[in-house]
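Structure assessment
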Protein chains: 2
Amino acid sequence: MPFTHHNGPKPTPAQCYNKLNAAGDALYVIGGKWRLRIIIALAEGHKRFNEIQRAIHGISARVLSNELKELEINGFLIRKVYTDFPVSIEYELTPYSDTLSPVIESLISWGEMHRQTIMHSEKPEAIATPVLEEIL
Amino acid sequence: MPFTHHNGPKPTPAQCYNKLNAAGDALYVIGGKWRLRIIIALAEGHKRFNEIQRAIHGISARVLSNELKELEINGFLIRKVYTDFPVSIEYELTPYSDTLSPVIESLISWGEMHRQTIMHSEKPEAIATPVLEEIL
DNA sequence: CGGGATCCCATTTGATACTG
DNA sequence: CAGTATCAAATGGGATCCCG
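Notes on the structure follow. (Residues numbered from 1 in each chain as written. Chains lettered and ligands numbered in written order. Predicted model: local features only at pLDDT ≥ 70, side-chain atom pairs only at ≥ 80, totals over all residues. Heavy atoms only, no water.)

Let's talk about the overall build of chain A
Condition: For helices the rule is a DSSP run of H or I covering at least 4 residues; for strands it is a run of E covering at least 2, with both sets numbered from the N terminus onward. Using a 1.4 Å probe on the protein chains alone, a residue whose accessible area is under 20% of its type maximum counts as buried, one over 50% counts as exposed, and one in between counts as partly exposed. Should any heavy atoms of two residues lie within 4.5 Å, those residues are counted as being in contact. For every accessible area listed, the method is Shrake-Rupley and the probe measures 1.4 Å; residues are considered covered only by the protein chains on display.
Scanning chain A from N- to C-terminus turns up six helices and three strands. Element order for chain A, N to C, with α for helix and β for strand: α-α-β-α-α-β-β-α-α. The buried share among the 136 residues of chain A stands at 49%. The long-range share in chain A, meaning contacts at least 24 apart out of those at least 6 apart in sequence, stands at 37%. If you sum the accessible surface of chain A, you get close to 7000 Å²; carbon and sulfur atoms cover 55% of it.

Some thoughts on the packing of aromatic side chains
Applied cut-off: Classification of ring pairs uses Phe, Tyr and Trp, with its six-membered ring standing for Trp, and accepts pairs whose centres are within 6.5 Å; under 30 degrees between planes counts as stacked, over 60 as edge-to-face, and the remaining range as tilted.
Enumeration over the complete set of coordinates arrives at six aromatic pairs over all chains. Residues tyrosine 96 of chain A and tryptophan 110 of chain B carry aromatic rings whose centres are separated by 6.4 Å and whose planes lie at 50° to one another, so their mutual orientation is tilted. Residue tyrosine 96 of chain A is located in the loop between β3 (88-93) and α5 (101-119), and its partner tryptophan 110 of chain B is located in helix α6 (residues 101-119); the two belong to separate chains. Across the pair, tryptophan 110 of chain B and tyrosine 96 of chain A agree in class, each one buried. Linked through ring pairs, Phe76 and Tyr96 of chain A together with Trp110 of chain B together constitute an aromatic cluster.

Quick word on the pairing of strand β2 (residues 77-82) of chain A
Remember that side chains alternate between the two faces of the sheet whenever the strand is regular. Defined as follows: In this scheme, strands are said to pair when DSSP sees at least two bridges between them.
Where β2 of chain A lies against β3 of chain A, six bridges are found, and the strand directions are antiparallel. Note that in β3 of chain A the partner of arginine 79 of chain A across the bridge is tyrosine 91 of chain A.

Right, here's the structure in full:
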């Protein structure tokens, strides 16, 4: 079933209510400025704390620390301590995080499409994102 | 191409960098606590200000007002003023907002799946969302 | 009804310094 | 390296009042 009324049957109010709840659940767990970005950064493989911080432009150590704890509690990643010398600590995604693939794939696709759209528009700077501002 | 390393070829760092940027663009525009929820609420058809506020539990008039402006600037909705008496103002989604359908559909699907998952887990209350807390 | 303006508090965040 | 502690600053967001 398509989403909006533009290209499909109009959902009933009851359906919309449930969709709002479902989206609310999802946004509560994976919403926010950083969580999906952390997951995406870890998708290329396990990383250490500072590697993640370098990969994600603009996140502070404290915020990253808190977000990692939250993501671990919710089962999206695990913290692995390697007691070799020197001790190293790595974060890696769990299989459960794979269930987010459709969300993340569609988000990335849309982001790429949107970037093209606004770069070809008359006033890209009016709606540019921080990432785009580095290009424009 | 699948997303994580669990079920597909591992993306290169360069690919991951671009994906992070793309996701960053998307999250900048449609991220935050309310924006997608507003779009979802409007997906069942045009609504007036107070209708939207009632549909989305917990949003204040001031925040809704700000978000609606932002969403209008970014081309996701339009504000229609009907000069009949009494004047009524309606918000409705634009065709461009339809491009978000894959994102929103996958978000909703994941939210429904996640809700089932944590309601059948041993300690649902440990990771419950506000929406779920009304049920548990 | 549909908001704008103002006030004020709580939470978040950044910067810096510090520790095992 | 992998964080934690602390403080200052910014931001968010609710409550309230007001207006067309």
